[in-house]
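Architecture at a glance
Here is how the chains run, residue by residue.
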Amino acid sequence: MTQSAHEDQDFRALVGEVKPLRRRANRADPGPRRSRPSEAQLARRESAQAELAGDSFLSDDFVELLPPFDPVEFRRDGIQQGVVDRLRHGGYPAQSRLHLLRRPLAECRRVLPSFIHEAHAHDLRSLLIVHGRGREIDGAANVLRSYLAKWLAQFDEVQAFVSAQQADGGLGATWVMLRKSARARAENRERQQKRRG
């Protein structure tokens, strides 16, 4: 008897009597088929659609790409140049930071509104957004930087934004100054009135 025939006979002795599966029953039964999505699936779908609809005011249409070595600067009417200069030089401490390095543009577009709105709701004024800077005009980091400059100007809460100094990230980071909330303005007025007597 050959070695393979001997091994085959040993295998049969170990396994015992074996019946082949019927052709139709050779798969596991997954249970009844669902014709409609489950409650959990519907809830997740609804949540995702609401999240996408919430940031729809930020456009991902064409943006004019900024030169990679040019700083960005924006200020609304009424904001003094001295405030912008102080912001640029890190004169206001970063009360919150957002890191967008190597994130897809769609994800950045999704997280930016909640970051700005949440910071404003908590009376934060100076924010630092780290986004990176590409060396090529159409590099991913420079495209994000160009969109970020466009998007930040669309927020009513944003008073000014400028490129950071080298110590804070250089052209790969942007300082953002938010306006005071109504609550913070009222508290400030109260303090001023108390001071005056």
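These remarks concern the structure in this document.

Rules behind the numbers
Residue numbering note: each chain is counted from 1, following its sequence as written. Owing to the predicted nature of the model, reporting of local features is limited to residues with pLDDT of at least 70; listing and counting of side-chain atom pairs is limited to 80 or more, with chain, interface and lining totals taken over all residues. To get the side-chain values, all heavy atoms of the structure are used, and hydrogens and water are removed first. In the sections that follow, a salt bridge refers to a side-chain nitrogen of Lys or Arg positioned within 4 Å of a carboxyl oxygen of Asp or Glu. Helix numbers and strand numbers start at the N terminus; a helix is a DSSP run of H or I with at least 4 residues, a strand a run of E with at least 2. Only protein chains enter the area calculation, which uses a 1.4 Å probe; residues under 20% of their type maximum are buried, those over 50% are exposed, and those in between are partly exposed. Note on pairing: two strands pair once DSSP finds at least 2 bridges between them. Between N-to-C directions, angles cover 0 to 180 degrees, with each direction set by a line fitted to C-alpha atoms, over the stretch in contact for helices. The contact criterion used throughout is that any non-hydrogen atoms of two residues lie within 4.5 Å. By nonpolar core we mean a set of buried residues, namely Ala, Val, Leu, Ile, Met, Phe, Trp, Tyr and Cys, connected to one another through side-chain atoms within 4.5 Å.

Some details on the pattern of salt bridges
What the rule picks out here adds up to four salt bridges. Glutamate 73 is the partner of arginine 88 in a salt bridge, and the nearest nitrogen-oxygen pair spans 2.3 Å. You can see arginine 88 sitting in helix H3 (residues 81–88) and its partner glutamate 73 sitting in strand E1 (residues 73–75), a full 15 residues away along the chain. Accessibility expressed as a relative area gives 18% for arginine 88, which makes it buried.

Some remarks on the sheet that holds strand E3 (residues 126–130)
Ordered in space as E1-E4-E5-E3-E2, the five strands form an open sheet in which the pairing is mixed. The sheet is open, and its two borders are formed by E1 and strand E2 (96–99), each paired with just one other strand. Adjacent strand axes in the sheet meet at a mean angle of 20° when their direction is disregarded. Across the sheet, helix H4 (residues 105–121) is in contact with E2, E3, strand E4 (158–163) and strand E5 (173–178); its angle to E3 comes to roughly 160°. Of the strands in this sheet, E3, E4 and E5 are in contact with helix H5 (residues 140–152), which crosses E4 at around 160°.

Brief notes about the nonpolar core
Counting 24 residues, the largest nonpolar core has Leu100, Leu112, Ile116, Ile129, Leu152, Val158 and Val176 as its most contacted members. Those elements that provide at least two residues to this core are H4, E3, H5, E4 and E5. Not counting chain neighbours up to four residues away, the residues in contact with leucine 100 comprise Cys108, Val111, Ile129, Val130, His131, Leu144 and Leu148. Of all hydrophobic cores here, the second largest spans twelve residues; its members include Ile79, Leu87, Tyr92 and Val162.

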